[in-house]
Amino acid sequence: MGLGKTKSAIAAALLSGAQKILVICPANAKINWFREITEYIPEEYVTIVKPGFWQPKFFTIINYDILNRFHEIEDKRKKEEPKSYINEEKFDLIIMDEAHMIKNKGSIRGKIASQISEDVERIWLLTGTPIANRPMDYYNLLKVCKVPVTDNF
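Residues numbered from 1 in each chain as written. Predicted model: local features only at pLDDT ≥ 70, side-chain atom pairs only at ≥ 80, totals over all residues. Heavy atoms only, no water.

(A) Looking closely at the nonpolar core. Counting 23 residues, the largest nonpolar core has Leu22, Ile24, Ile62, Ile86, Ile94 and Met96 as its most contacted members. When contributions to this core are tallied by element, the ones reaching two or more residues are strand S1 (21-25), strand S4 (93-96), helix H4 (108-117) and helix H5 (139-144). Once residues lying within four places of it in the same chain are set aside, the contact partners of Ile86 are Leu22, Trp54, Leu67, Phe70, His71, Phe91 and Ile116. Core analysis: the next-biggest nonpolar cluster, separate from the first, contains 18 residues, Ile10, Trp33, Val46 and Leu93 among them. (Core = buried A, V, L, I, M, F, W, Y, C linked by side-chain atoms within 4.5 Å. Buried < 20%, exposed > 50% of the residue type's maximum accessible area, 1.4 Å probe, protein only. Helix = DSSP H or I, 4+ residues; strand = E, 2+ residues; numbered from the N terminus. Contact = heavy atoms within 4.5 Å.)

(B) Fine view of the pattern of salt bridges. Applying the stated criterion across every chain yields a total of 6 salt bridges. Among the salt bridges present, the one from Glu36 reaches Lys7, with a minimum N-O distance of 2.9 Å. Residue Glu36 is located in helix H2 (residues 30-37), and its partner Lys7 is located in helix H1 (residues 5-16); the two are separated by 29 residues in the primary sequence. Here Glu39 and Lys7 are joined by a salt bridge, their closest N and O atoms 2.7 Å apart. Placement of the pair is Glu39 in the loop between H2 and strand S2 (46-48) and Lys7 in helix H1, with a sequence separation of 32 residues. Salt bridges sharing common partners tie together Lys7, Glu36 and Glu39. (Salt bridge = Lys/Arg side-chain N within 4 Å of Asp/Glu carboxyl O.)

(C) How the structure looks around the sheet that holds strand S3 (residues 59-63). Strand order in the open sheet formed by 5 strands is S2-S3-S1-S4-S5, and the pairing between neighbours is parallel. The sheet is open, and its two edges are formed by S2 and strand S5 (122-125), each paired on a single side. Sheet twist, expressed as the mean angle between neighbouring strand axes with direction ignored, is 15°. Judged from the 4 bridges that link them, S1 and S4 form a sheet pairing that is parallel. Bridge pairing in S4 links Leu22 to Ile94. The strands that H1 touches are S1, S3, S4 and S5; relative to S5, the one it contacts most, it runs at about 170°. (Pairing = 2+ DSSP bridges. Axes fitted to C-alpha atoms, helices over the stretch in contact; angles between N-to-C directions.)

(D) Just the packing of H1 against H2, in detail. It is the contact of H1 with H2, at a shortest axis distance of 10 Å, that shows an interaxial angle of 50°. When the axes of H1 and H2 are compared, the pair comes out oblique. In this structure, the crossing between H1 and H2 has a hand that is right-handed. For the pair formed by H1 and H2, the contact residues are Thr6, Lys7, Ala9 and Ile10 on the first element and Asn32, Trp33, Glu36 and Ile37 on the second. Split into classes, the residues belonging to the contact of H1 with H2 amount to 4 nonpolar, 2 polar and 2 charged. (Parallel < 35°, antiparallel > 145°, perpendicular 65-115°, else oblique. Left-handed = near helix turned anticlockwise from the far one by under 90°. Nonpolar A, V, L, I, M, F, W, Y, C, P; charged D, E, K, R; others polar.)

Laid out in structure tokens, this is it:
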């Protein structure tokens, strides 16, 4: 904590050439992300997603707890395509703050993170919390980043 992960990610994102950036973070960090981003760019280019409010901009900030309101989990038993406002937006960079929150590949949060990352070129995971329980805790994080070792569970 306090090492400058947020500022570093914002600066890197602005220099990366990304046109649409999704920031996923805990609910209590959304305001901080907004404040930090607007130190570099005007407020009109940044939006905070709330339940029932999807209006993406250059930087779109959403918390993990409401991802399922904007992305239906893919279910192979259902015939219809799942609806995903997130995937429709075609983000070219996703920043996941406190990325250790998606370590469980079987959780709804873990599944959504994995699915929305599939078609995005750049995924950046930020965390200051080590995952020390077991090596398997790294699997979903590596899968989201498309590390080849995760191709075969």
